[in-house]
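# A look at the structure
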Amino acid sequence: VRRLWCVLLAASLIAFTAIALDVGSGPWLRNLDRQATQHLPVHGPGAWTDFMRWLARVHGVAGIAVVGTLAAAWLWHRGRTRQLASLALIVGGGLALNSVLKRVFQRQRPVFDDSVELPLDTLATYSFPSGHVSGSVVFYGFVLMAFFARTTHRGWRIGATMAASVMVTLIAYNRVYVGAHFVCDVLAAVFEGLAWMAFCAL
C-alpha cells in the first residue's frame, strides 16, 4: 500500500508541475482552454444551469469547510481522534495549500465579452488551481480512506470509489461550465488534491 501511495504522489506531482509550467503558454493547454471557453456560450437558463449554480455553492471552500466541521464534530463525539486528526490534516491542510498556490501563480479568471452571460459564479480569488476541485478531491478522498478502513468488501470499495470519482468529475466540469475556471485550473487541482492526499497518507 505504501508503494502505491508513493507512485500516486510522484505521478501527481509530475502532472501538476507539467501543467503549472505550461499553463497559459503551451499550445495544447491553451487550445484546450480556448475550446472550452468557446463552448460555454451555448449554455442558457434552465434546470441544469440552476443545478450547476447550486453545486458550485455546496462544494465551495466554505461549503467543504462547513461539511468538514460537521464531520469533525461527529468524529469527536464518537471518540475517533485518529480519524479526526486525519480529517484536519487532509481536508484542512488541502484547503490551506490551495490558498497558498493561488497566491503563488496569481492566474486571473476567465473573461468573457458582453454577448455571453458568464461567469455564473463570480469569485474574487485567483483562478489556478481550482479550490472547489482540490477541496472536493481531498474531502471525498478522506471519505474513501475512512470507508476503506471500515470494510474490505471489494464490491463496496469499487462502488464507493466510482461514486467519489463521479462527484469530483462533476465538480471539475461545473467549474468550467459556470465560467469560473479554465480547464487547466481544474486538471491541476485534481493532481494537487491527489498529491496532498498521498503525502498525508504516507
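Residues numbered from 1 in each chain as written. Predicted model: local features only at pLDDT ≥ 70, side-chain atom pairs only at ≥ 80, totals over all residues. Heavy atoms only, no water.

Moving on, we come to the pattern of salt bridges. In the structure shown here, the tally under the stated rule is 1 salt bridge. For arginine 107, the salt bridge identified is with aspartate 185, shortest N-O distance 2.9 Å. With arginine 107 in the loop between α5 (81–105) and α6 (131–150) and aspartate 185 in helix α8 (residues 183–201), the pair connects residues that are 78 residues apart, well separated along the chain. As far as the burial class goes, arginine 107 and aspartate 185 line up, both buried. (Salt bridge = Lys/Arg side-chain N within 4 Å of Asp/Glu carboxyl O. Helix = DSSP H or I, 4+ residues; strand = E, 2+ residues; numbered from the N terminus. Buried < 20%, exposed > 50% of the residue type's maximum accessible area, 1.4 Å probe, protein only.)

On to the packing of aromatic side chains. On inspection of all chains with the given rule, the structure shows 6 aromatic pairs. Here the aromatic rings of phenylalanine 16 and phenylalanine 105 are separated by 6.1 Å at their centres, their planes lie at 75°, and the arrangement is edge-to-face. Of the two residues, phenylalanine 16 sits in helix α1 (residues 2–22) while phenylalanine 105 sits in helix α5, which places them 89 residues apart along the sequence. Given the relative accessible area of 13%, phenylalanine 16 is considered buried. Overall, phenylalanine 105 belongs to the partly exposed group, its relative accessible area being 30%. Residues phenylalanine 105 and phenylalanine 128 carry aromatic rings whose centres are separated by 4.9 Å and whose planes lie at 75° to one another, so their mutual orientation is edge-to-face. Of this pair, phenylalanine 105 sits in helix α5 while phenylalanine 128 sits in the loop between α5 and α6, and the two are 23 residues apart along the sequence. (Phe/Tyr/Trp six-rings, centres within 6.5 Å; stacked < 30°, edge-to-face > 60°.)

Attention now moves to the packing of helix α4 (residues 61–78) against α5. Where α4 contacts α5, the axes come no closer than 10 Å and their chain directions differ by 170°. By the angle between their directions, the pair α4 and α5 is classed as roughly antiparallel. Facing α4, whose interface residues are Val61, Ile64, Gly68, Ala71, Ala72, Leu75 and Trp76, α5 presents Gln83, Leu84, Leu87, Val91 and Leu95. When the residues that make up the contact of α4 with α5 are grouped by side-chain class, the tally is 10 nonpolar, 2 polar and no charged. (Axes fitted to C-alpha atoms, helices over the stretch in contact; angles between N-to-C directions. Parallel < 35°, antiparallel > 145°, perpendicular 65-115°, else oblique. Contact = heavy atoms within 4.5 Å. Nonpolar A, V, L, I, M, F, W, Y, C, P; charged D, E, K, R; others polar.)

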